[in-house]
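Summary of the model geometry
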Amino acid sequence: MDTGTFRGLITLILIFAFIGIALWAYSKRRKPDFDEAANLPFADDDELPTSDKHASRERDSEAHSRDDRGDKNI
């Protein structure tokens with residue numbers, strides 16, 4: 001296999017990867033997630049996040065703030 005063939009195969013792989021990512025990003029199954037992410041800048045800070053990922057981050061930040069205050073009781 002010469003360099004030209006290798007470069008052609010890499011280009012073909014990258015084209016398929018690009019098309020795959022574009023189809024994933026514009027699929028109808030992803031629309032609700034992207035709509036929620038698009039509205040995050042407008043969300044109030046007082047509201048509780050809806051997903052568990054965000055809730056675990058909030059608990060972690062509370063634990064870190066306890067460490068900063070010197071409270072070791074968890």
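Conventions adopted
Residues numbered from 1 in each chain as written. Predicted model: local features only at pLDDT ≥ 70, side-chain atom pairs only at ≥ 80, totals over all residues. Heavy atoms only, no water. Helix = DSSP H or I, 4+ residues; strand = E, 2+ residues; numbered from the N terminus. Areas by Shrake-Rupley, 256 points an atom, 1.4 Å probe, with all protein chains shown as cover. Salt bridge = Lys/Arg side-chain N within 4 Å of Asp/Glu carboxyl O. Buried < 20%, exposed > 50% of the residue type's maximum accessible area, 1.4 Å probe, protein only. Phe/Tyr/Trp six-rings, centres within 6.5 Å; stacked < 30°, edge-to-face > 60°. Lys NZ or Arg CZ within 6 Å of the ring centre and 35° of its normal. UniProt positions renumbered as here; feature names shortened; annotations may be inferred. Patch = residues over 30% accessible without salt bridge, like charges linked within 9 Å, V, L, I, M, F, W, Y side chains within 5 Å. pLDDT = per-residue confidence, 0-100.

Looking at the overall build of the chain
Per the secondary structure count, the chain includes three helices and zero strands. In sequence order, the chain lays out its α and β elements as α-α-α. As displayed, the chain offers around 7,100 Å² of accessible surface, 59% of which is attributable to carbon and sulfur atoms.

Things to note about the pattern of salt bridges
For the structure shown, the criterion picks out two salt bridges. Taking the shortest distance from any N to any O, the salt bridge between Arg30 and Asp33 comes out at 3.3 Å. Its relative accessible area of 40% is what places Asp33 among the partly exposed residues. For Asp35, the salt bridge goes to Lys31, with nearest N and O atoms at 3.3 Å. Here Asp35 and its partner Lys31 are both found in helix H2 (residues 31-38), four residues apart, which amounts to about one turn of the helix. Note on Asp35: relative accessible area 35%, which makes it partly exposed.

Some words on the packing of aromatic side chains
The full count for this structure, using the stated rule, is one aromatic pair. Over the aromatic face of Phe34 sits the side chain of Arg30, whose NZ or CZ is 5.2 Å from the ring centroid.

Overview of the UniProt feature "transmembrane region" (unreviewed entry) in the chain
The UniProt entry lists residues 6-26 under the feature "transmembrane region" (unreviewed entry), expressed in the numbering used here. Secondary structure within residues 6-26 divides into 95% helix and 0% strand; the distance between the first and last C-alpha atoms comes to 30 Å.

Description of a nonpolar patch on the surface
Nonpolar side chains collect at one region of the surface, where Met1, Phe6, Leu9, Ile10, Leu12, Ile13, Leu14, Ile15, Phe16, Phe18, Ile19 and Leu23 lie side by side and expose about 1,300 Å² of accessible area between them. Tracing the sequence through the fold places Ile13 in helix H1 (residues 3-25). Residue classification places Ile13 among the exposed positions, given a relative accessible area of 54%.

Notes on the confidence of the model for the chain
Within the chain, residue pLDDT values average 79, and 61% of them lie at 70 or more. Taken element by element, the chain is modelled with least confidence in helix H3 (residues 52-69), mean pLDDT 58, and with most confidence in H1, mean pLDDT 96.

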